[in-house]
Amino acid sequence: MSTATVSGLWIYPVKSCRGISLKEMQIGPTGPKHDREWMIVDDKNKFISLRSNPKLSEIKTALQGPFLHLYAGTNKILINTEEYSSDLEMVTVWTDTFLASVASKDVNEALSDFISQSVKLVRYQKESFRALGAASTSAVKQTMFADSRPILLTNESSIAELSGHLNSQNLMPSVIERFRSNIILSDIPAYAEDYFKEIKIGEVGFKNPRLCTRCMVVTQDVETGKVVSKETLKVLSETHKPNVHQAEAHKVTFGINLTPSNLGTIHLNDSVTQIF
């Protein structure tokens, strides 16, 4: 039994764009409210990410009142979160294909101009259903545009250990923001999170853990998308070898994905009261 503390809460309203730091996080039936609720797709309605278009990292996001603000260079795009488009199309995230609504022509043209690629902004809404399958719980049976389960959790001690290994090789240290977590913990040993089975933060439980496999995004600067630490993945693969019985254990991993087991609100500085 260990005790951890929540030191960071983040949502990423538009998949692969900049995130928003929170003091409290509402957990709903698809996970954190507004997290990965929007996504940018190409002309075949397949998601694009920082891997294929680093320019996405320059799009800042903010939530103010009923509006999602997207800052793309000198342009500010406003999306009314209380209005839902009736223009529905099938979109694809990895191997999942399901309905999503399409933003207006003006919004799509502005984003296309900014990232120099023909794209559309799409939104997860009531007509969408991306099933979690075996990863679901009684409260959360679907996830929006996240890569895996609705929650990604990381640990400050783990990033400190990784950075220590990078420093020992005279390489640039990493920063936890590159790992695009929803929940960041402190006060537990490095990589203790690999062995979580079920945890409780405030009034909300989380279960069905899965090691989070990593790609080149963790080598990219969070503001420019440029690769600034190409050695990060190699060093991580050499120094972090979780001895757990999960299919991902032999891959390069950092952090874990989880599914909420009930709805509620969690806060900065909450204690992780149960770890099994």
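Our subject is the structure that appears above.
Along each chain, residues carry numbers from 1 onward, in the same order as the chain's sequence is written. Only residues with pLDDT of at least 70 are given local features in this predicted model, and only at 80 or more are side-chain atom pairs given and counted; all residues enter the totals for whole chains, interfaces and linings. Each side-chain value is worked out from all heavy atoms of the structure, with water and hydrogens disregarded.

1. Brief notes about the overall build of the protein
By the criteria applied, helices consist of DSSP H or I runs no shorter than four residues and strands consist of E runs no shorter than two, each listed in order from the N terminus. Along the protein, the regular secondary structure elements total three helices and 18 strands. Seen through its principal axes, the protein has C-alpha atoms that stretch 50 × 45 × 35 Å. The buried label applies to any residue whose accessible area, calculated with a 1.4 Å probe on protein chains only, is under 20% of its type's maximum; exposed applies above 50%, and partly exposed to all values in between. Counting every position in the protein, which comprises 276 residues, the buried fraction comes to 53%. In the protein, once contacts between residues fewer than 6 apart in sequence are set aside, the share between residues at least 24 apart is 70%. All accessible areas in this document rest on Shrake-Rupley with a 1.4 Å probe, and a residue is counted as covered only by the protein chains that are shown. Surface summary for the protein: the accessible area is close to 12,500 Å², and the carbon and sulfur share equals 50%. By definition, residues are in contact when any of their heavy atoms lie within 4.5 Å.

2. Notes on the sheet that holds strand S8 (residues 75-80)
Strands were regarded as paired on the criterion that DSSP finds at least two bridges between them. Taken in spatial order, the three strands line up as S6-S7-S8 in an open sheet, and their pairing is antiparallel. Pairing within the sheet leaves two strands with one partner each, and these edge strands are strand S6 (60-64) and S8. Strand-to-strand twist of the sheet, defined as the mean angle between neighbouring strand axes without regard to direction, takes the value 20°. Note on method: axes are straight lines fitted to C-alpha atoms, helices fitted across the in-contact stretch only, with angles between N-to-C directions ranging 0 to 180 degrees.

3. Considerations on the pattern of salt bridges
Side-chain pairing between opposite charges can occur once the charged atoms of the two side chains come close. Only one rule defines a salt bridge in this text: a Lys or Arg side-chain nitrogen within 4 Å of an Asp or Glu carboxyl oxygen. Enumeration over the complete set of coordinates arrives at nine salt bridges. With a closest N to O distance of 2.6 Å, lysine 15 and aspartate 147 form a salt bridge. Pair noted here: lysine 15 is in the loop between strand S1 (4-11) and strand S2 (20-21) and aspartate 147 is in the loop between strand S11 (120-123) and strand S12 (151-155), with a separation of 132 residues, a long-range link. Taking relative accessible area as the criterion, aspartate 147 reaches 42% and is therefore assigned partly exposed.

4. Some points on the environment of isoleucine 256
Mapped onto the elements, isoleucine 256 comes out in strand S16 (residues 253-260). Residues contacting isoleucine 256, with those up to four places away along its chain left out, are Ile151, Leu152, Leu153, Glu193, Asp194, Phe196, Pro209, Arg210, Leu211 and Cys212.

5. Brief notes about the packing of aromatic side chains
Two rings from Phe, Tyr or Trp (for Trp, the six-membered ring) form a pair when their centres sit within 6.5 Å of each other. Planes less than 30 degrees apart are called stacked, planes more than 60 degrees apart edge-to-face, and all others tilted. Counting across every chain of the model gives seven aromatic pairs. When the ring of tryptophan 10 is compared with that of tyrosine 12, the centres are 6.3 Å apart and the planes differ by 20°; the resulting orientation is stacked. A relative accessible area of 21% places tryptophan 10 in the partly exposed class. Seen from their ring centres, tyrosine 191 and phenylalanine 254 are 6.0 Å apart, and the 85° between their planes marks the pair as edge-to-face. Residue tyrosine 191 is located in the loop between strand S13 (183-186) and strand S14 (199-201), and its partner phenylalanine 254 is located in strand S16; the two are separated by 63 residues in the primary sequence. Each member of the pair, tyrosine 191 as well as phenylalanine 254, carries the same accessibility label: buried. Directly above the ring of phenylalanine 114 sits lysine 55, whose terminal nitrogen or CZ lies 4.8 Å from the centroid. Both a distance and an angle decide whether a charge sits over a ring: NZ of Lys or CZ of Arg must be within 6 Å of the ring centre and within 35 degrees of the ring normal.

6. Some details on the pairing of strand S17 (residues 264-267)
The alternating pattern of S17 places Gly264 and Ile266 on a buried face, while none of Thr265 and His267, on the opposite face, is buried. Here strand S3 (residues 24-28) pairs with S17 via four bridges, running antiparallel. Bridged to isoleucine 27 within S17 is glycine 264.

7. Focus on helix H2 (residues 156-168)
Take the number of residues in a helix, subtract one, and multiply by 1.5 Å to get its expected span. An ideal rise of 1.5 Å per residue puts 18 Å on 13 residues; H2 measures up with 18 Å between its terminal C-alpha atoms. Those residues of H2 not exposed but buried are Ser158, Ile159, Leu162, Ser163 and Leu166. Buried positions in H2, seen along its axis, are confined to an arc of 130° and lie on one side of it. Residues of H2 that are buried sit in contact with S12, helix H3 (232-239) and S16. For the purposes of these results, a polar contact is taken to be a pair of N or O atoms within 3.5 Å, where, inside protein, one atom must be able to donate a hydrogen and its partner to accept one; residues adjacent in sequence count only when each atom of the pair is a side-chain atom. Put simply, asparagine 155 is the residue that caps the front of H2, since its side-chain oxygen is 2.9 Å from the backbone nitrogen of serine 157. Two residues or fewer after H2 comes asparagine 170, characterised by a positive phi angle close to 60°. The reported arc concerns the directions from the helix axis to the C-beta atoms and nothing else.

8. Topic: the sheet that holds strand S4 (residues 31-32)
Taken in spatial order, the three strands of this open sheet run S4-S3-S17, and their pairing is antiparallel. The sheet is open, and its two borders are formed by S4 and S17, each paired with just one other strand. Both S3 and S4 contribute to a ladder of two bridges, which runs antiparallel. Within S4, the position partnered with isoleucine 27 by the bridge is proline 32.

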